[in-house]
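Summary of structural features
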Amino acid sequence: MLKSIKGLVFGAASTLLLAGVAHADITVYTAGPQSLIDKLAEGFTAQSGIKVNVFQATTGKIMARIEAEAANPAVDVLISASWETATDFAKRGWLVSYTSPNAEKVPDFLKNETAVAQGVSALGIAWNTKSGTPKPAEWSDLAKPEFKDLVNIPDPAQSGSSFELTAALAGQDDFALFKSLKDNGAIIAGANAEALNPVLQGAKGAVFGAVDYITFGNKAKGESIDVVFPESGTVIAPRPVMILNWSKNQDEAKKFVDYMLSDEGQKLVAGTYLMPARSDIPADRPLISDLKLIDYDAAAIQGKRKEILQQISDIFGAN
Amino acid sequence: MSAKDIGGVAPAAWLALSGLVVVVAVPFAAIVLQAIFPELGAGSFARPFSLLSQTLGDVRLLRMTGNTVLLGLCVVIASALLAIPLGVARALYRIPLAPVWDVLLLVPFMIPPYIATLGWIMTLQPRGYMEQLFGFNLTPVLFSLFGMTLVMTFNTFPVVYFAVSRTVEAIGLRYSDVGRVFGATPARAFWRITLPLSAPGLAASLLLVFAAAIEEYGTPAALGRRAGFEVLVTGIDTRVGDWPIDLPGAATLSLVLVIMSLAAFLLQRWILTRRSYQTVGGKPQNAEKRELGRLTIPVMLMFGIVAFLSTGVPMLAILGTALSGTISGGLAFDNLTLRHFADVFGNSAGALGALTNSLTLGLATAVLTGLIGVVAAYVVVKTRIRGRALIDIMTVLPNALPGIVVAVGLILAWNMPGLPFTPYNTGFILLLAYCCILLPQTARYATAAFLQIGDNLEAAARVAGASGAVAFRRILLPLVFPSLASAMLLVFALASRELVASIVVAPVGMQTISTFIWRQFEQGSVGLGMAMAFVTIILTTLLPLLFLMLLRRGGLVRE
């Protein structure tokens, strides 16, 4: 008995050790889809011979890890789902200045000295086509009686992109739209996936401000769901790529950024229904040029983050 | 004569202590330091205590703490109400199909809470499975304290059921029969003799339920937020997951949780130290069980209903979703597909690697926590070594540490620059995290089991010439092994599906079952996630059962 326990422990130990031994040339933390980073890593390794080790989680969980690791950081390249982290990290002096030659076709508002977008998602209305509700065209349509008790709003406190949209729309009419949504029975429902799932099953009719690429992906799988981008405008969520200044593999990291912005890399991005950051890469979905964007001062909004979240939580009670 | 001060004890104490220091004390110290020194992550001890008062002075803290206690108590009471009648019936009467009920009541424990909650939501919400089948829904019930209590109780009551049925079975009818001889009614004999004697197992299991309830993340996050019911764990998660990260605040809130769990632990200890519970004083008796008689139908109904609600509903919801081509297609014949299962076994998105990783980790965790747990329990219960109270407390500390906080503590501790060796960024960091989170399971059950074993057994062995080590291995270990083995099997199941710590601390490039499922949900592939969940639940239920069967055949565990 004791012997077999010993055997088990050693067996388990050696398996774990081997899992740790695989040495990576660069380490990438990404808040993007696992399938995308897997393909990017594979393509990059095939092309350059440099290995890529990946940690994938939500932006929040990645930040917790980086914060806890701060004394002895491991990450070389960070792909966040929120541009705000790029601004914040730059302010802290954590980022390497680098402009990839492949970033030439990336529009100016999607890049700066220390960060460049890998892809872009936009926020829209995710609408269940079989829900028996009329196809919405505008944000305000979701405050109409046809959508009574049928609208989910992703929690702006949990989803960075939902916060941007909430703040931008609230700034236009001083929260009037959100008050009428509340009066119509709309609720704040967890992060993005939690808000979308009930709409897929039909418990709810629409998500107010869904991340579009996940919804497009579900549509492609045959779900009766569609994305509506209101004429009055929406916001986009660029996904910044950054190289951390503590990285000991900055040359390799730069090559990886180049690869992500290459034709091949950008086509992989488009394959996940994200908008490619480069304007010359086609995608099977509406692109930035097809969307009307709300004009708002992102920096000012971030400064008032606490206040805006408080207002929303006052309106919707609960949280 | 007592077996306390004879040789052979000191090495055991040292083994337990060093295991506990690595597994519990190191991450816990890091958390305490983080609460005090806000810039610890960056390796700086600047501005001590500067953020402590800010966190503790937050008005919401009182509400979150109150909600946490309330939820914990509700789940404990509901679990006791559900599990004690079933457990007692199972222990004292001959129940038709008893092994089948045991398996069915074991399954809910194998269902990851966040999956069970999602299953319940998809069943009860408007146009959910229940409405698709029967034309009505029960949404209002779900998103409330009542709904949370129900879902969490279905998940945790097996702990109490198995503890009660095993301890009451071990006590058997001998003692209450003595009471009957002296004129007690059956009810009186039960209330005055059987139930009090099974207190160690009952109290230990209720403590575990309380700790699990105040530490649980998935259900309060999915159901409680909508009901406006914020608990400490969701508050901690907001601090850790919401930029800018507030690690010191999260650490402080965790310490509040730890204090609550310790208070519950001290209460349990106080109950247990008031008298002796030794019922195993000689060679085992043959357990005689009574016939159910007129009670057959009501008892069978009780088992049936509880098994259906706790195992049937969530499992059917999981299977239904896993077999659906699309969610919006609903329960329709043309929407039926095996694609998601084919994807799991076709290693889509690394599913098989995740399974292997988690099962290996689960096994290693069960073995390690079993070893440390049994030695620590022995030292605490059967020796008079100074400092054994400290060992006892260390085995219960992690009870209240939320997974995410253990993860942060481990990173803080093991990622310091200049360490000659670090488990960080290898699979060992997950092993450490799981051992820390799950150690209380084995330690509590082993402690309860040791409390029921009379000192005379060990003493007799020593008198007959056995060394301390031999007496431990040949007399005590076999007697506690049934309890320990079932605790280790629970640890295996829990470790192979641990979510919150895994997400943060998993080494780069390594997936576990839970992070795999969670990623599928995040990216909108609910079907694939549910297929993986179904495979996992079946595996984590069948593997331990197979193992138990082998042990029985080998004569290591009595029937």
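Here the residue index of a chain counts from 1 through its sequence in written order. To read the labels, note that chains go from A and ligands from 1, taken in the order they are written. Reporting in this predicted model follows two pLDDT cut-offs: at least 70 for local features of residues, and 80 or more for side-chain atom pairs to be given and counted; totals over whole chains, interfaces and linings ignore these cut-offs and use all residues. With hydrogens and water stripped out, all remaining heavy atoms of the structure feed into the side-chain values.

**Comments concerning the overall build of chain B**
This is how the line gets drawn: Under the scheme used here, helices are H or I runs from DSSP no shorter than 4 residues and strands are E runs no shorter than 2 residues, and both carry numbers assigned from the N terminus. Just to be clear, the radius of gyration here is over C-alpha atoms, and the globule rule we use is 2.2 Å times residues to the power 0.38. The classification of residues rests on relative accessible area computed with a 1.4 Å probe and restricted to protein chains. Under 20% of the type maximum is buried, over 50% is exposed, and intermediate values are partly exposed. Should any heavy atoms of two residues lie within 4.5 Å, those residues are counted as being in contact.
On a plain count of helices and strands, chain B comes out with 25 helices and zero strands. On C-alpha atoms alone, chain B measures out to a radius of gyration of 24 Å, which is about the 24 Å that the 2.2 N^0.38 rule sets for 559 residues. Within chain B, buried positions represent 61% of all 559 residues. Taking the contacts inside chain B whose residues are at least 6 apart along the sequence as the reference set, 78% of them involve residues at least 24 apart.

**Focus: a nonpolar patch on the surface**
All names here are of chain B. Rules: Every patch collects residues that have over 30% relative accessible area and no salt bridge, joining them within 9 Å if they carry like charges and within 5 Å if they are nonpolar side chains (Val, Leu, Ile, Met, Phe, Trp, Tyr). Throughout, the Shrake-Rupley method with a 1.4 Å probe supplies accessible areas, and for residues the shown protein chains are the sole cover considered. A carboxyl oxygen of Asp or Glu within 4 Å of a side-chain nitrogen of Lys or Arg is what we treat as a salt bridge.
There is a patch of nonpolar side chains on the surface, built from Leu133, Phe134, Phe136, Leu138, Val141, Phe146, Leu150 and Leu331 and spanning about 750 Å² of accessible area. Within the secondary structure, phenylalanine 146 sits in helix H8 (residues 145–171). Phenylalanine 146 sits in the exposed class, given a relative accessible area of 52%.

**Concerning helix H2 (residues 34–48) of chain A**
Residue and element names in this part refer to chain A. So the rule is basically this: Here the expected length of a helix is defined as 1.5 Å per residue gap, with one fewer gap than residues.
With 15 residues, H2 extends 21 Å from end C-alpha to end C-alpha; this agrees with the ideal 21 Å at 1.5 Å per step. Those residues of H2 that fall on the buried side of the exposure criterion are Gln34, Leu36, Ile37, Leu40, Ala41, Gly43 and Phe44. A positive backbone phi angle near 80° is found at glycine 49, which sits one or two residues after H2.

**A short note on the packing of helix H15 (residues 296–322) of chain B against helix H25 (residues 526–553) of chain B**
Any two packed helices are characterised by the angle at which their axes cross and by the distance between the axes. Residues and elements named next belong to chain B. This is how the line gets drawn: Note on method: axes are straight lines fitted to C-alpha atoms, helices fitted across the in-contact stretch only, with angles between N-to-C directions ranging 0 to 180 degrees. Any angle that is under 35 degrees is reported as roughly parallel, and any over 145 degrees as roughly antiparallel; angles of 65 to 115 degrees are reported as roughly perpendicular and all others as oblique. When the near helix sits turned anticlockwise from the far one by under a right angle, the crossing is termed left-handed; a clockwise turn instead gives a right-handed crossing. Under the scheme applied, nonpolar residues are Ala, Val, Leu, Ile, Met, Phe, Trp, Tyr, Cys and Pro; charged residues are Asp, Glu, Lys and Arg; polar residues are all the others, including Gly.
Closest axis-to-axis distance for the H15/H25 pair is 7 Å, and the angle between their directions is 135°. With respect to H25, the element H15 is oriented oblique. For the pair H15 and H25, the crossing hand works out as left-handed. Of the residues in H25, those in contact with Met315, Ile318, Leu319, Thr321 and Ala322 of H15 are Val526, Gly527, Met530, Ala531, Ala533, Phe534, Ile537 and Ile538. Here the residues of the contact of H15 with H25 are counted per class, giving eleven nonpolar, two polar and no charged.

**What to know about the UniProt feature "binding site: Fe cation" (unreviewed entry) in chain A**
Note the cut-off: UniProt positions are given in the numbering used here, feature names are shortened, and annotations may be inferred rather than shown by experiment.
The UniProt record marks Tyr213 of chain A with the feature "binding site: Fe cation" (unreviewed entry), using the residue numbering of this structure. Those residues in contact with tyrosine 213 of chain A that lie beyond four places of it in its chain are Pro33, Ser121, Arg239, Thr272, Tyr273, Leu274 and Arg285 of chain A together with Gln523 of chain B.

**Let's talk about the packing of aromatic side chains**
Formally: Put simply, two rings from Phe, Tyr or Trp (the six-membered ring, in Trp's case) pair if the centres are within 6.5 Å, and we call them stacked under 30 degrees between planes, edge-to-face over 60, tilted for the rest. A ring is considered to have a charge above it if a Lys NZ or an Arg CZ atom is located within 6 Å of its centre and within 35 degrees of its normal.
Taken as a whole, this structure holds 14 aromatic pairs over all chains when the rule is applied. Consider the rings of tryptophan 101 of chain B and phenylalanine 303 of chain B, whose centres lie 5.6 Å apart with planes at 35°: the pair is tilted. Note that tryptophan 101 of chain B is positioned in helix H4 (residues 98–110) and phenylalanine 303 of chain B in helix H15, a separation of 202 residues in sequence. Tryptophan 101 of chain B gets classed as buried once you look at its relative accessible area, which sits at 11%. Summarising the aromatic geometry, the rings of phenylalanine 341 of chain B and phenylalanine 534 of chain B are spaced 6.0 Å apart at their centres and angled 85° between planes, so their arrangement reads as edge-to-face. Taken together, the residues phenylalanine 341 of chain B in helix H16 (residues 339–345) and phenylalanine 534 of chain B in helix H25 connect sequence positions 193 residues apart. Side by side, phenylalanine 341 of chain B and phenylalanine 534 of chain B carry an identical accessibility label, which is buried. Connected via pairs of aromatic rings, a cluster forms that spans Trp101, Tyr161, Phe162 and Phe303 of chain B. A cation over an aromatic ring shows up here: arginine 65 of chain A above the ring of phenylalanine 55 of chain A, its NZ or CZ 4.0 Å from the ring centre. Directly above the aromatic system of phenylalanine 163 of chain A lies the positively charged group of arginine 305 of chain A, at a separation of 4.9 Å from the ring centroid.

**Description of the nonpolar core**
Using the following cut-off: The set of buried Ala, Val, Leu, Ile, Met, Phe, Trp, Tyr and Cys residues whose side-chain atoms join them within 4.5 Å is what this entry labels a nonpolar core.
In terms of nonpolar packing, the biggest core is built from 294 residues, with Phe178, Phe208 and Phe256 of chain A together with Phe450 of chain B touching the most fellow members. Aside from chain neighbours lying at most four places away, what touches phenylalanine 178 of chain A is Thr166, Leu169, Ala170, Phe208, Ile312, Ile315 and Phe316 of chain A.

**Observations concerning the pattern of salt bridges**
Residues and elements named next belong to chain A. Applying the stated criterion across every chain, the model contains 14 salt bridges over all chains. When the shortest N-O distance is used, the salt bridge between arginine 65 and glutamate 69 registers 3.6 Å. Here arginine 65 pairs with glutamate 69, and both are found in helix H3 (residues 59–69), just four residues apart, close to one helical turn. The two residues arginine 65 and glutamate 69 agree in class, both being buried. For arginine 278, the salt bridge is made with aspartate 263, and the minimal N-O distance between the two is 2.6 Å. You can see arginine 278 sitting in the loop between strand E10 (275–276) and helix H11 (298–303) and its partner aspartate 263 sitting in helix H10 (residues 263–271), a full 15 residues away along the chain. Since its relative accessible area comes to 8%, arginine 278 is described here as buried. Each of Lys105, Asp263, Arg278 and Asp280 takes part in one network of salt bridges that share partners.

**A word on the interface of chain A and chain B**
Under the convention used in this document: Take the accessible area each of two parts loses on contact, using a 1.4 Å probe, and add the two losses: that sum is the buried area. N or O atoms within 3.5 Å of each other form a polar contact, as long as, within protein, one can give a hydrogen and the other can take it, and as long as residues adjacent in sequence are counted only when both atoms are side-chain atoms.
Counting residues at the interface gives 64 residues for chain A and 64 residues for chain B. Both sides of the chain A and chain B interface together cover about 5,400 Å² of buried area, and 59% of this is carbon and sulfur. Summed over the shared surface of chain A and chain B, the number is one salt bridge. The partner of aspartate 237 of chain B in a salt bridge is lysine 61 of chain A, with the nearest N and O atoms 3.3 Å apart. The tally of links between chain A and chain B comes to 20 residue pairs in polar contact (both at pLDDT 80 or more). Ranked by residue count, the leading element in the side of chain A that touches chain B is helix H1 (residues 2–21) of chain A, at eleven residues. Of the residues belonging to the side of chain A that touches chain B, the class tally is 32 nonpolar, 19 polar and 13 charged.

**Considerations on the domain arrangement of chain A**
Residue and element names in this part refer to chain A. For the record, the criterion: Residue ranges assigned to each domain were obtained from an automatic or database domain assignment.
The domain architecture assigned to chain A consists of domain 1 (2–119 + 238–287) and domain 2 (122–236 + 290–316). Relative to domain 2, the C-alpha centre of domain 1 lies at a distance of 28 Å. With 13 residues of domain 1 at the contact, the number on the domain 2 side is eleven residues. For the pair domain 1 and domain 2, the summed buried area comes to about 1,100 Å², and 64% of that belongs to carbon and sulfur atoms. At the boundary of domain 1 with domain 2, the tally comes to one salt bridge. The shortest N-O distance in the salt bridge between arginine 285 and aspartate 212 comes to 2.5 Å. Seen at the junction of domain 1 and domain 2, the total is four residue pairs in polar contact (both at pLDDT 80 or more). A class-by-class count of the residues in the side of domain 1 that touches domain 2 yields nine nonpolar, one polar and three charged.

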